[in-house]
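Listed below are the residues making up each chain.
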Amino acid sequence: MRHRHRRGHGSSQGRSMEDEQRLEEYLETLWYLQEEGRQELSHIKDAVGEAEASHLLLALMENRWVRVDGDRFCFEPEGAQKASQIVRRHRLAERLLHDVLDMGPDQVEEDACRFEHILSADATESICTFLGHPQTCPHGRPIPPGPCCQRFVKEVTPLVRPLADLNPGQQGTITFITPKFRSRLHQLSSLGVIPGTSVRLRQRHPTFVIQVGESTIAMDADLARNIFVRSQG
């Protein structure tokens, strides 16, 4: 179980940045315990040590983010929302580092810990959209959905389909590329195959050929199935 203290600067709601980050990490720690079904108070002591556990609980209860029922802790609504946002930022940062920068799952943790404290709401939504609204981090743990994910499911999903489903001659705008093809993501980006780009499917057999601007690009069916476009007719 992670538990860290970081130095910071500035202030928020009368708290120093250092205090703000410490509270966020407390919430994050309890979120992980809750995910694992370990809400007994004894597990907090196991995670952060007996002396720190009392301070942790007191700090979160003073902010009315957490309450204690018997021998278990429970999130208050505001605390649950704040904790889910912290975990969301952390796990999206892990995906970004893993999928785009090709860092291994064991390498992304420390940098993601820094991202979770500095990403704005707009930046978090932009990363989530760029990555195609992933549901899990590189370690397979769930990423709490955000407003952009809900809008995507409601407004965009019915209009988006794999590039491989287009018929020759049909055109679409790339919405996202699934990150499991990260080894080819840089190559596609260098060819202009990025979200927001208009593409036209030229042929399906024997290989997929798309037109991007003045360029034609061939790709196999697996890759074509993992490029999602919003059809333009």
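A.B. asks: Explanation requested: the pairing of strand 6 (residues 171–177) in the structure shown.
C.D. replies: Burial runs high along strand 6: five of the seven residues are buried. For strand 6 and strand 7 (residues 198–203), the ladder comprises three bridges, and the chain directions are antiparallel. Directly across from T173, in strand 7, lies its bridge partner S198. Relative to strand 10 (residues 227–231), strand 6 is paired through five bridges, and the arrangement is antiparallel. Residue pairing for strand 10: I174 is matched across the bridge by V229.

A.B. asks: Any chance you could explain helix 5 (residues 108–118) here in plain terms?
C.D. replies: Structurally, the α-helix is built with 3.6 residues per turn, so residues lying three or four positions apart point the same way. V108, A112, C113, E116 and H117 are the residues of helix 5 that are buried. Buried positions in helix 5, seen along its axis, are confined to an arc of 160 degrees and lie on one side of it. On the buried face of helix 5, the contacting elements are helix 1 (17–35) and helix 4 (77–100).

A.B. asks: What is the right way to look at the sheet that holds strand 7 in this model?
C.D. replies: Consider a sheet: its strands pair through backbone hydrogen bonds, and that pairing is either parallel or antiparallel. Here six strands make up an open sheet; going across it, the order is 5-10-6-7-8-9 and the pairing antiparallel. Across the chains shown, the open sheet's two edge strands, defined by having one partner strand only, are strand 5 (160–162) and strand 9 (215–219). On average, adjacent strands in this sheet sit at an angle of 45 degrees to one another, irrespective of strand direction. Judged from the three bridges that link them, strand 5 and strand 10 form a sheet pairing that is antiparallel.

A.B. asks: Explanation requested: the packing of helix 4 against helix 5 in the structure shown.
C.D. replies: Geometrically, a packed helix pair is captured by the angle between its two axes and the distance between the axes. Running from amino to carboxyl end, helix 4 crosses helix 5 at an angle of 135 degrees, the nearest separation of the two axes being 8 Å. The pairing of helix 4 with helix 5 is recorded here as oblique in orientation. Between helix 4 and helix 5 the crossing geometry is right-handed. In contact with I86, R89, H90, A93, E94, L97 and H98 of helix 4, helix 5 contributes V108, E109, D111, A112, C113, F115 and E116.

A.B. asks: Mind showing me how you'd approach the pattern of salt bridges here?
C.D. replies: Any two side chains of opposite charge can pair, so long as their charged atoms come close to each other. In total, this model carries 11 salt bridges according to the counting rule given. Of the charged contacts in the structure, one is a salt bridge between D69 and R67, with a shortest N-O distance of 3.2 Å. Taking the relative accessible area as the measure of exposure, R67 reaches 33% and is therefore partly exposed. Measuring nitrogen to oxygen at the nearest pair gives 2.8 Å for the salt bridge that ties R114 to D111. Of the two residues, R114 and D111 are both situated in helix 5; the distance of three residues between them amounts to about one turn of the helix. Taken together, the shared-partner salt bridges connect R67, D69 and E76 into one network.

A.B. asks: When you look at the nonpolar core in this model, what are you seeing that I'm missing?
C.D. replies: Nonpolar side chains tend toward joint burial in soluble globular proteins. Within the largest apolar cluster, 29 residues are counted, with the highest numbers of intra-cluster contacts made by L163, V193, I210, M219 and I227. Non-local contacts of M219, meaning those with residues more than four positions away in its chain, are made with L163, T207, F208, I210, A224 and I227. Grouped together as the second largest cluster of nonpolar side chains are 22 residues, L33, A53, L56 and I86 included.

Cut-offs and rules
- Residues numbered from 1 in each chain as written.
- Predicted model: local features only at pLDDT ≥ 70, side-chain atom pairs only at ≥ 80, totals over all residues.
- Heavy atoms only, no water.
- Buried < 20%, exposed > 50% of the residue type's maximum accessible area, 1.4 Å probe, protein only.
- Helix = DSSP H or I, 4+ residues; strand = E, 2+ residues; numbered from the N terminus.
- Pairing = 2+ DSSP bridges.
- Arc of directions from axis to C-beta.
- Contact = heavy atoms within 4.5 Å.
- Axes fitted to C-alpha atoms, helices over the stretch in contact; angles between N-to-C directions.
- Parallel < 35°, antiparallel > 145°, perpendicular 65-115°, else oblique.
- Left-handed = near helix turned anticlockwise from the far one by under 90°.
- Salt bridge = Lys/Arg side-chain N within 4 Å of Asp/Glu carboxyl O.
- Core = buried A, V, L, I, M, F, W, Y, C linked by side-chain atoms within 4.5 Å.

The quantities given are spatial measurements derived from coordinates; they are silent on function.
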